[in-house]
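As a plain string of letters, each chain reads:
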Amino acid sequence: MQEPISSAQQNRDSLAGEMRAASRVTIIGMILDAVLGVIKVIAGALFHSQALLVDGIHSFTDVASDLVVLGVMKISRQEPDEDHPYGHQRIETFGTLVLGSILIAVGAALAWENTLRLIEGNVDTVPGWPVLVAAALSVAGKEWIFRYTRHVGLKIRSDLIIANAWHSRTDAFSSIVVLVSTAGAMLGMIWLDVFAAVVIAGIIIHIGWKFTWDSVKELVDTGLSHEDTEMLKSIARDTDGVRNVHELRSRRMGHDILLDIHLVVRPEISVSEGHQIGMQVVAGMRDALDNIRDINFHIDAENDEDQPLTSERLPSREDIRAVLARHIGELPHHSRLRLHYLKNKVHLELFLDEYEEKTLFSSANIRDQLRDYPWFGSVRVWVAGP
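All of these numbers come straight from a predicted model, not from anything done at the bench.

(A) Structural view of the packing of aromatic side chains. Summed over the entire model, instances satisfying the criterion amount to 5 aromatic pairs. Seen in terms of ring centroids, Trp375 and Phe376 are 6.5 Å apart; in terms of plane orientation they differ by 80 degrees. Their pairing is edge-to-face. According to the relative accessible area criterion, Trp375 is buried, its value standing at 11%. Given the relative accessible area of 9%, Phe376 is considered buried. One aromatic cluster is present, formed by Tyr373, Trp375 and Phe376 through successive ring pairs.

Written as structure tokens, this is what we have:
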């Protein structure tokens, strides 16, 4: 009989498969970017198109970003370890931040250079028709690699791969701008070529800013949207046994979501029932959002947002048994003591097996002995029948 595969092994296999898929699509994209970049830079230089030349430089930034992706993905897809119990996805976020910063820097430099050319008015050369061919090849190639890369990114749930796909899509957009501007320059509006170069540089800056800002928000633990947060709260409130929900906190790590939630339940239920209610909430939330990686739930017997926090100085079980022994006597060995810590008071429930013990350990007697203790709330004594 074949032994079942452990969850740890499944996780390792999944990470390895994701790494292979990410590497394959990135290498294919990198080769395409390099080929298109060479074609566009040479064609732009030979046939007098500043827009195509800038577009070629844009393609080379794609090559640089592909190298970043390959390096970052190898590290970020490692298994969680002792030093990184939540995994290494934040390295992927940092890689996206670096990629966005590179795009902003390159776009700003190109925009500045071509804006100066427009202001100075030294534009007097009409682009040649091969510029149109090179731009058309770029549009077709980049649109194909965009669709392929985005499909893989969604499949392996990688924001970095998806970001790289959209970087490819911007190259396709910029090549369309080259097509339009070149046609306009050939019709007599020579300045359109340089103007298009500024527009393409602006596109590069815009995409770079989006990547950078999204990464910064994740690195500072920005939570889910208000709509998703309310949706998750509604799922928890609608779960049988949950009285209220408060302090739902969320953050992202790569594509994954981490949640912390406090659930208010009836104070008299058992610990195991409270845990089971929490597991039902977890199941409902995972059904709603499939990229939730971890949910920490805290079971509350009361809403501690409305009540003062339970004092850390309230007596423990052993402290209370010692107080009872000092004032009344040792509790019978077969008795059970249940404690409820509510509203900064301790409420006692005592379960006795022998009816004769009721006289000594009666509710009235315990109440009289403990009434002067500031932590004492109430007492109930349950006695088994004779």
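Read on for the rest.
(B) Main features of the environment of Leu339. Position of Leu339 among the secondary structure elements: in strand β4 (residues 336-342). Excluding its chain neighbours within four sequence positions, the residues that come into contact with Leu339 are Arg317, Ile320, Val346, His347 and Leu348.

(C) Local environment of unusual backbone geometry. The backbone of Lys343 shows a phi angle near 50 degrees, a positive value even though the residue is not glycine. By the element assignment, Lys343 lies in the loop between β4 and β5 (345-352). Taking relative accessible area as the criterion, Lys343 reaches 55% and is therefore assigned exposed.

(D) Region of the structure containing the pattern of salt bridges. For the coordinates displayed, the defined rule picks out 6 salt bridges. Of the charged contacts, one joins Asp33 and Lys142 as a salt bridge, the two residues approaching to 2.1 Å between their closest N and O atoms. Here Asp33 is found in helix α1 (residues 7-46), whereas its partner Lys142 is found in helix α4 (residues 130-156), with 109 residues between them in sequence. Assigned by exposure class, Asp33 and Lys142 land together as buried.

(E) Spotlight on the pairing of strand β2 (residues 256-264). Burial runs high along β2: 8 of the 9 residues are buried. Where strand β1 (residues 244-253) meets β2, 8 bridges bridge the pair, whose relative direction is antiparallel. By the bridge assignment for β2, Val245 is matched with Leu263. Across 8 bridges, β2 lies against strand β3 (residues 292-300) in parallel orientation.

(F) Expanded view of the confidence of the model for the chain. With 82% of its residues at a pLDDT of 70 or more, the chain shows a mean pLDDT of 78. When the criterion is pLDDT under 50, residues 1-5 qualifies, and its contacts beyond four places in sequence or with other chains add up to 1 contact.

(G) Summary view of the nonpolar core. Ala51, Leu52, Leu103, Val178, Ile200 and Phe211 are the most contacted members of the largest nonpolar core, which totals 20 residues. Where this core is concerned, the elements lending two or more residues are α2 (50-76), α3 (89-120), α4, α5 (159-186) and α6 (191-219). Sort the elements by how many residues they give to this core and α6 lands first, with 7 residues. Other than its neighbours up to four places away in sequence, Leu52 contacts Lys40, Ala43, Gly44, Val131, Ala134, Ala135 and Val178.

(H) View of the sheet that holds β2. Strand order in the open sheet made by the 3 strands is β1-β2-β3, with mixed pairing throughout. In this open sheet, the two edge strands, each paired with only one partner strand, are β1 and β3. Taken pair by pair, the neighbouring strands of this sheet meet at an average axis angle of 15 degrees, ignoring direction. Against the sheet, helix α7 (residues 226-237) engages β1, β2 and β3, with an angle of about 135 degrees to β1. Sheet strands in contact with helix α8 (residues 271-288) are β2 and β3, and its direction is about 150 degrees off that of β3.

(I) A look at the packing of α7 against α8. Their axes nearest at 9 Å, the elements α7 and α8 cross at an angle of 145 degrees. Once α7 is placed against α8, the crossing between them reads as right-handed. Of the residues in α8, those in contact with Met231, Leu232, Ile235 and Ala236 of α7 are Val281, Gly284, Met285 and Ala288. Counted by class, the contact of α7 with α8 contains 7 nonpolar, 1 polar and no charged residues.

(J) Main features of the environment of Leu348. Take Leu348: it is sitting in strand β5. The sequence separation of Leu348 and Arg380 amounts to 32 residues, and the corresponding C-alpha distance is 6.3 Å. Dropping the residues within four chain positions of it, Leu348 is found in contact with Ile320, Leu324, Leu337, Arg338, Leu339, Leu370, Trp375, Phe376, Ser378, Val379 and Arg380.

(K) Quick peek at the sheet that holds strand β6 (residues 376-383). Reading across the sheet, the 3 strands line up as β4-β5-β6 and stay open at both edges, with mixed pairing between neighbours. For this open sheet the edge positions go to β4 and β6, each flanked by a neighbour on one side alone. When the angles between neighbouring strand axes are averaged without regard to direction, this sheet yields 15 degrees. Here 7 bridges tie β5 to β6, and the two strands are oriented parallel to one another.

(L) Expanded view of helix α9 (residues 317-327). Where α9 is concerned, the buried positions are Ile320, Val323 and Leu324. The buried side chains of α9 occupy one side of the element, clustering within an arc of 95 degrees when seen end-on. Along α9, the residues that are exposed and aim more than 90 degrees away from the buried face are Glu318 and Arg326. Trailing α9 by a residue or two, Gly329 shows a phi angle of about 140 degrees, which is positive.

(M) Highlighting the side chain of Glu143. Secondary-structure assignment places Glu143 in helix α4. Here the side chain of Glu143 touches Arg147 through a polar contact of 3.0 Å, side chain to side chain. Residues within four places of Glu143 in sequence aside, it is in contact with Arg169 and Ala172.

About the thresholds
Chains are numbered independently. Their residues run from 1 in the order of the written sequence. With pLDDT at 70 or above as the cut-off, local features in this predicted model cover only qualifying residues; side-chain atom pairs require 80 or more to be listed or tallied, and sums for whole chains, interfaces and linings still use all residues. With hydrogens and water set aside, each side-chain value is computed from the structure's full complement of heavy atoms. Ring geometry is summarised as follows: Phe, Tyr and Trp rings, the Trp one being its six-membered ring, pair when their centres sit within 6.5 Å, and such pairs are stacked at plane angles under 30 degrees, edge-to-face over 60 and tilted between the two. Per-residue accessibility, obtained with a 1.4 Å probe over protein chains only, is compared with the maximum for each type, and a residue is labelled buried under 20%, exposed over 50%, and partly exposed between these values. Helix and strand assignments follow DSSP, with helices taken as H or I runs no shorter than four residues and strands as E runs no shorter than two, numbered in order from the N terminus. In this description, contact between two residues means that some pair of their heavy atoms is separated by no more than 4.5 Å. Only one rule defines a salt bridge in this text: a Lys or Arg side-chain nitrogen within 4 Å of an Asp or Glu carboxyl oxygen. Following DSSP output, two strands are said to pair if at least two bridges run between them. Confidence of the predictor in every single residue is expressed as pLDDT, which spans 0 to 100. Nonpolar core, defined: a set of buried Ala, Val, Leu, Ile, Met, Phe, Trp, Tyr and Cys residues in which side-chain atoms within 4.5 Å join the residues together. To obtain an axis, a line is fitted to C-alpha atoms, over the contacting stretch when the element is a helix, and the angle between two such axes runs from 0 to 180 degrees between their N-to-C directions. The hand of a helix crossing depends on one turn: near helix anticlockwise from the far one by less than a right angle means left-handed, and clockwise means right-handed. Residues are grouped as follows: Ala, Val, Leu, Ile, Met, Phe, Trp, Tyr, Cys and Pro are nonpolar; Asp, Glu, Lys and Arg are charged; every other residue, Gly included, is polar. What the arc covers is the set of directions going from the helix axis to the C-beta atoms. N or O atoms within 3.5 Å of each other form a polar contact, as long as, within protein, one can give a hydrogen and the other can take it, and as long as residues adjacent in sequence are counted only when both atoms are side-chain atoms.

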